[in-house]
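What follows is the residue order along each chain.
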Amino acid sequence: MEAQAVQVLRYSATLHSNNPKLEKTGTNGSLRMFGGFKKQLFVSSKLQSAKPSANIRRRTASLVVACSHNNIPASALEYGSFHSSVEEKLILKIKSQEIEPYLSGRCIYLVGMMASGKTTVGRILSEALSYSFYDSDALVVKEVGGISVTDIFKHYGEPFFRNKETEVLQKVSIMHRHLISTGGGAVVRPINWKYMQQGISVWLDVPVEVLTQRITAEGTDSRPLLHYEGGDAYTKTITHLSSLFEERSEAYANANVKVSLENMAAKLGRRDVLDLSPTAIAMECQCISQALEQIKGFLIGEDGF
Ligand SMILES: Nc1ncnc2c1ncn2[C@@H]1O[C@H](COP(=O)(O)OP(=O)(O)O)[C@@H](O)[C@H]1O
Ligand SMILES: O=C(O)C1=C[C@@H](OP(=O)(O)O)[C@@H](O)[C@H](O)C1
């Protein structure tokens, strides 16, 4: 089992009996594993007790499954993975179907600082919406013949990269059913907004401290604006990110929708924004987009257009 696979699966097992013994053993429950576990896997499960009820033949119980592999306990495997539950994914799919008529195939642009999760969240969201996913950095790299972003900055300079970024956004703006994870600096050029406004833009607003933690964990090799030799990586990264955020926050606020991780964490009663899974964030993006589209539809109807 890949370490990044989900280690704790939560699912609802429908028990086709009202016999409490079956509840304990869970023999009539069905467990579907995702991710194609090919290797030996030890699964321990705990069935949370459901209150007995006189005349039900079908009842739903919640099962928490912890997996371990090669004698590595689940807690160790959990490092670096996300707890994207099956329920979250299901809700996301349902939300996607609800939002579809309002979107009418318009592209979605995710904007936000480096490491705000545009790529991670974007992939999940695009899959749920059956949209094609594109990373604008990857499109620039392709245009320049496969040279990495870091090398483009190094050999051709930032203005060259920015011009390519604008070209890419222009090309994408005439497409439909595309979800684009933009580069963190794409919001700075007003011309880019002209293109992004053809679709719906969503700002992933993540506290600088969280961005810094993510970037220090990943390293700065692929992020030329933060790549320095020597010194304390955390301090340098947080200092630079804070000033970049100050310069750009007004530009990010141009987005049609803002998804604030701090607000989400508070709303969901989580202690920390680090407790949020990418799927939960993707779901929030959709809820807000839908609200936005409904308001727009109402206004258009009222004006009689
Ligand atoms: N909701 C999240 N919770 C925890 N880590 C996340 C989350 N979203 C993204 N990450 C991690 O943060 C890092 C940067 O994410 P990425 O999607 O590449 O950001 P961006 O595309 O905005 O630069 C990756 O290591 C990713 O796994
Ligand atoms: O913030 C920025 O100016 C940049 C962000 C990067 O994209 P990500 O936000 O995907 O890391 C990439 O476009 C380039 O390194 C510049």
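Residues numbered from 1 in each chain as written. Chains lettered and ligands numbered in written order. Predicted model: local features only at pLDDT ≥ 70, side-chain atom pairs only at ≥ 80, totals over all residues. Heavy atoms only, no water.

## Details of the packing of helix H9 (residues 208-218) against helix H10 (residues 233-252)
Stage number 1. Packing of H9 against H10 leaves a shortest axis separation of 9 Å and a crossing angle of 135°. On the basis of their axis angle, the class for H9 and H10 is oblique. Crossing of H9 over H10 shows right-handed handedness. For the pair H9 and H10, contact is made by Val208, Glu209, Leu211, Thr212, Gln213, Ile215 and Thr216 and by Ala233, Tyr234, Thr237, Ile238, Leu241, Ser242 and Phe245, respectively. (Axes fitted to C-alpha atoms, helices over the stretch in contact; angles between N-to-C directions. Helix = DSSP H or I, 4+ residues; strand = E, 2+ residues; numbered from the N terminus. Parallel < 35°, antiparallel > 145°, perpendicular 65-115°, else oblique. Left-handed = near helix turned anticlockwise from the far one by under 90°. Contact = heavy atoms within 4.5 Å.)

## A closer look at the packing of aromatic side chains
Stage number 1. For the coordinates displayed, the defined rule picks out three aromatic pairs.
Stage number 2. Ring plane angle 45° and centroid distance 4.9 Å describe the contact between Phe153 and Phe161, whose orientation is recorded as tilted. Of the two residues, Phe153 and Phe161, neither departs from the other in class, the shared state being buried.
Stage number 3. Measuring from ring centre to ring centre gives 4.7 Å for Tyr156 and Phe160, while their planes differ by 25°; the resulting arrangement is stacked.
Stage number 4. Overall, Phe160 belongs to the partly exposed group, its relative accessible area being 28%. (Phe/Tyr/Trp six-rings, centres within 6.5 Å; stacked < 30°, edge-to-face > 60°. Buried < 20%, exposed > 50% of the residue type's maximum accessible area, 1.4 Å probe, protein only.)

## Section: the site of ligand 2
Stage number 1. Close to ligand 2 lie 13 residues; Lys118, Asp137, Arg162, Gly184 and Arg248 are nearest.
Stage number 2. In the model, an oxygen atom of ligand 2 is placed 2.9 Å from a nitrogen or oxygen of the Gly184 main chain.
Stage number 3. Within the side chain of Arg248, an N or O atom sits 2.7 Å from an oxygen atom of ligand 2.
Stage number 4. Against a free-state accessible area of 390 Å², the protein chains account for coverage of 95% of ligand 2.
Stage number 5. Split by residue class, the shell around ligand 2 holds five nonpolar, three polar and five charged. (Near = heavy atom within 4 Å. Polar contact = N/O pair within 3.5 Å; in protein donor to acceptor, adjacent residues only side chain to side chain. Areas by Shrake-Rupley, 256 points an atom, 1.4 Å probe, with all protein chains shown as cover. Nonpolar A, V, L, I, M, F, W, Y, C, P; charged D, E, K, R; others polar.)

## Details of the site of ligand 1
Stage number 1. Ala115, Lys118, Thr119, Thr120 and Glu218 are the nearest of the 16 residues found near ligand 1.
Stage number 2. Contacts to ligand 1 include Gly117, whose backbone N or O atom sits 3.1 Å from an oxygen atom.
Stage number 3. The fraction of the free accessible surface of ligand 1 (560 Å²) that becomes covered by protein chains is 80%.
Stage number 4. Elements with a minimum of two residues in the shell around ligand 1: helix H4 (118-129), H9 and helix H12 (278-303).
Stage number 5. Per-element accounting of the shell around ligand 1 gives the leading share, three residues, to H4.
Stage number 6. Here the shell around ligand 1 is built from residues that sort into seven nonpolar, five polar and four charged.

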